[in-house]
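Notes for the structure review
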Amino acid sequence: MHLLRLCYCMGTLLPVVSSCFRMASPSATRVTRQLKSTQLQSTSLPPSGGGESPTSPISLIVKSEESDRRNDLMLGEDSGMFDWSKEKWGALGESGWITFFAAVATILTAVAVLWIYPPTGYGDDFVSFLENDVAHGNPHLVTLAFGIIFPVVHSGLASLRPLGEKIVGARTWRVIFAFPSLCLAYSWIVYFISHAHDGIQFYDISHIGWVHGLAWIVNFASFLFLYPSVYNLKEVAAVEKPKIHLWETGIIRITRHPQYVGQAMWSGAHLAMVGTSFTALTMALLVGHHYFACWNGDRRLEAEHGESFLKIKERTSIIPFQAIIEGRQQLPKDYYKELIRAPFVLIAVGSIGAYFAHPYMQAGAALARNTGLVPGGILDDIFLELN
């Protein structure tokens, strides 16, 4: 692409340069007049994002285009920007996709060995402790315990990020933050799948076709709100230095806290399908945690970006579309360019894959439940030596 641009520029400039070394002639004069006319016309071209011919969705996915941002403050980042031509596989240890997949494989292997697999991991020991020693067999108390422990660990480590990064660095802190969060999330999800139908059955409308279809649509849409973290996958895996981003475009125009809105949609869709007291409590805990994260997220963004965040905060809202209705936020005419981007395609594909993987999730949860407790794990010898 850069080479093509260079050739185009050279083809445009060579006649001009050559004319400088020749005497003025009628033909040279005509070239000069044509150049001046072209320059005058170029000043009247529409600004970026306006008056351009429509771009195909495929080209927007391969290379993101900016929308018309003339009404923006230009204080935050353009979310979800992607350019396939700039992506590199790279060598192991470089900030490319080879290192990304290696890092993801490493952390998932650690979670599997140290937490998920009963003979070597400690996830079954942790769940057994909650079930027997804390809740005494009451699944409602177990999910309540998860609903307290997970937010404390997840949001607590996120809040300690500025201090932790000063001590161990941004990349190492990301690993410290991610590992316990992944472990607890896995155990809570598996426990929810195994006990979703426990407790009082308030209603059961899962057999109604249109209810299932509506729940699926809401659930699918929720993932477009739930995971803005995929805007920077390499930062998620600590391949690139993690940052606290201040977004100004995309889904942020609709709601400043898309994960809260997405979680509420996801929880509502699942509760509509499974109307039990256990599911209701679990969904309330999840939404409550994300509601707290709205306040905590604003606090962290203000600490990181100061006045820039406060100005963007004035133009956005937590409740979807509120800022737009009140006139504080204006959607550009080509807003679709901020949504037809590679990260959203990745989310869409992942959401559809997760739906079709539900039977395997249920089978895995049943396997974990039937396996039961296998006391201890791979680090037992180290713990014994320490004692």
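Residues numbered from 1 in each chain as written. Predicted model: local features only at pLDDT ≥ 70, side-chain atom pairs only at ≥ 80, totals over all residues. Heavy atoms only, no water.

1. Observations concerning the overall build of the protein
A count of helices and strands for the protein gives 17 helices and two strands. When the 387 residues of the protein are sorted by exposure, 35% land in the buried category. By sequence separation, contacts in the protein at least 24 residues apart represent 73% of the contacts at least 6 residues apart. Total accessible area on the protein stands at roughly 22700 Å², and carbon and sulfur atoms take up 67% of it. (Helix = DSSP H or I, 4+ residues; strand = E, 2+ residues; numbered from the N terminus. Buried < 20%, exposed > 50% of the residue type's maximum accessible area, 1.4 Å probe, protein only. Contact = heavy atoms within 4.5 Å. Areas by Shrake-Rupley, 256 points an atom, 1.4 Å probe, with all protein chains shown as cover.)

2. Topic: the packing of helix 6 (residues 139-159) against helix 8 (residues 170-195)
Two numbers describe how helix 6 lies on helix 8: the axes approach to 10 Å, and their chain directions differ by 165 degrees. One way to sum up the angle between helix 6 and helix 8 is to call them roughly antiparallel. Seen along the crossing, helix 6 lies across helix 8 with a hand that is left-handed. Here Pro139, Val142, Thr143, Phe146, Gly147, Ile149, Phe150, Val153, His154, Leu157 and Ala158 of helix 6 come into contact with helix 8, specifically with Trp173, Ile176, Phe177, Pro180, Ser181, Leu184, Ala185, Ser187, Trp188, Tyr191 and His195. The residue makeup of the contact of helix 6 with helix 8, split by class, is 16 nonpolar, six polar and no charged. (Axes fitted to C-alpha atoms, helices over the stretch in contact; angles between N-to-C directions. Parallel < 35°, antiparallel > 145°, perpendicular 65-115°, else oblique. Left-handed = near helix turned anticlockwise from the far one by under 90°. Nonpolar A, V, L, I, M, F, W, Y, C, P; charged D, E, K, R; others polar.)

3. Here's the deal with unusual backbone geometry
The phi dihedral of His136 is positive, around 50 degrees, even though this residue is not glycine. The topology assignment puts His136 in the loop between helix 5 (123-134) and helix 6. Take His136: its relative accessible area is 64%, and that puts it in the exposed class. Phi is positive for Phe321, close to 70 degrees, though the residue is something other than glycine. Mapped onto the fold, Phe321 is located in the loop between helix 13 (307-314) and helix 14 (322-325). On the basis of relative accessible area, Phe321 is assigned to the partly exposed category, the value being 42%.

4. Things to note about the environment of Ser317
Looking at where Ser317 falls in the secondary structure, it is placed in the loop between helix 13 and helix 14. Here the alpha-carbon distance between Ser317 and His257, two residues 60 residues apart in the chain, equals 8.0 Å. For Ser317, the contacting residues outside a window of four places in its chain are Ile254, Thr255, Arg256, Gln322, Ala323 and Arg328. A polar atom in the side chain of Ser317 sits 2.8 Å from the backbone oxygen of Ile319. (Polar contact = N/O pair within 3.5 Å; in protein donor to acceptor, adjacent residues only side chain to side chain.)

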